[in-house]
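Reading the structure
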Amino acid sequence: MPETSYPFDSGAGANTTEAQYSQLFRRLNFTGISGVPGDQSVQVFADSTGMQVKVRTGYAMVRGHFYKTDSQVTLSITAATSNPRWDLVVLRLDPTTANSIVLAVKTGTAAASPTDPALTQTDEGIFEFPIARVRVGASASTIAAGNVDDLRQFMGEPVGKWTTALRPTTPNLGVIGYNTTLGVAELWNGTAWVPVSPSSILASLISDQHNIVAGKVRTGGVSTGDALTIFRQSTTPTANAVGDLWFW
C-alpha cells in the first residue's frame, strides 16, 4: 500500500500498531531526556563506592516511547583490566521482544587508547540511546565522579502562545512562544524572555575579511572603500576587484 494514515476509529487506520505510534511520536519530539543541560534528570554519576555508577530519577523519550524512573538506579561496571576501557550507559529500547526501555551498560574494549563501544540503533527494533560515558581506568577498583562524562541529549520544548501578562514565569530553558501583546516570538534564556530575532545587528556579527569592517558602514565593494562593480558579460572581467559581481 503506497499510502498509510492513522489512527482512526475504523478502516485501515483502526488497528494502529506500536511501530506506527513510535513513528508518530518520534516526529513530535526528539529522542532525549525531559529536562535541560545542567539539571539532574536521568543523570549518571559515580561516587567512588566501587565498580558501579548510579542514575538519578527522571523522564525520557526514546524513538516515540516514554520512559520514567521513580527511584535511583545502580548499574554495575565490569571489572577493570590492565588497560583502560570506555563503557557507555544507555537507555535501551526493545519494542519487539522485551517491550521495554531499560538502563544498561555497553561494555567497551580495553585498549591503550580506548574508544566508545558500537551502539545498536535500528529503525523498528532495538535502539540504544547513550546518556553517559564511563571511563574505566586500568586496574581500577572504583569509579570516581570524574570518570563519568555526561552525554545526555534533551527533548524539544513545546511552542506556546501568550500575552505579556500571562506568559510562563518559570519555564524550562529554551522554551519558545509567540507573545501576542508584543507581536514577536520570544525565547526563555534562563533568566529572561528575549526576542528570537535580535532588534539590532552588531557590527561584529557581519564583519568579514573582504567586504565589511566592524563598526563601519559599507560604502563600497571591499573594506578599503572601492566601488562595487557588477559585470554582465560572457568573458571574464579584467578590471575586477574583490567583492565585484559577475553574471554571464
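Quick look at the structure, then. (Residues numbered from 1 in each chain as written. Predicted model: local features only at pLDDT ≥ 70, side-chain atom pairs only at ≥ 80, totals over all residues. Heavy atoms only, no water.)

**Examining the environment of leucine 103**
Note that leucine 103 resides in strand β8 (residues 100-106). Judged by its relative accessible area of 14%, leucine 103 is buried. As for leucine 103 and threonine 69, which are separated by 34 residues in sequence, their C-alpha atoms are 9.6 Å apart. Not counting chain neighbours up to four residues away, the residues in contact with leucine 103 comprise Val55, Tyr67, Val73, Leu75, Val89, Val90, Leu91 and Ile131. (Helix = DSSP H or I, 4+ residues; strand = E, 2+ residues; numbered from the N terminus. Buried < 20%, exposed > 50% of the residue type's maximum accessible area, 1.4 Å probe, protein only. Contact = heavy atoms within 4.5 Å.)

**As for the packing of aromatic side chains**
Aromatic rings in a pair are described by how distant their centres are and how their planes are angled relative to each other. Here the structure, examined in full by the defined rule, presents 4 aromatic pairs. On the basis of an interplanar angle of 55° and a centroid distance of 4.9 Å, the ring pair of tryptophan 162 and tryptophan 193 is categorised as tilted. Of the two residues, tryptophan 162 is situated in strand β11 (residues 159-162) and tryptophan 193 in strand β14 (residues 193-195); the sequence distance between them amounts to 31 residues. Take tryptophan 162 and tryptophan 193: they sit in the same class, and that class is buried. Grouped by ring-pair contacts, the aromatic residues Trp162, Trp188 and Trp193 constitute a single cluster. Over the ring of phenylalanine 45 we find arginine 56; its NZ or CZ atom is 4.0 Å from the centre of that ring. If you follow arginine 133 out to its NZ or CZ, it ends over the ring of tryptophan 86, 5.1 Å from the centre. (Phe/Tyr/Trp six-rings, centres within 6.5 Å; stacked < 30°, edge-to-face > 60°. Lys NZ or Arg CZ within 6 Å of the ring centre and 35° of its normal.)

**Remarks on the pattern of salt bridges**
Tallied over the full model, the rule gives 12 salt bridges. In this structure, aspartate 47 engages lysine 54 in a salt bridge whose closest nitrogen and oxygen atoms are separated by 2.8 Å. Judged by relative accessible area, aspartate 47 falls into the partly exposed class, the value being 33%. Taking relative accessible area as the criterion, lysine 54 reaches 15% and is therefore assigned buried. For the salt bridge of arginine 152 with aspartate 150, the shortest nitrogen-to-oxygen distance reads 2.8 Å. We classify arginine 152 as buried; its relative accessible area is 8%. (Salt bridge = Lys/Arg side-chain N within 4 Å of Asp/Glu carboxyl O.)

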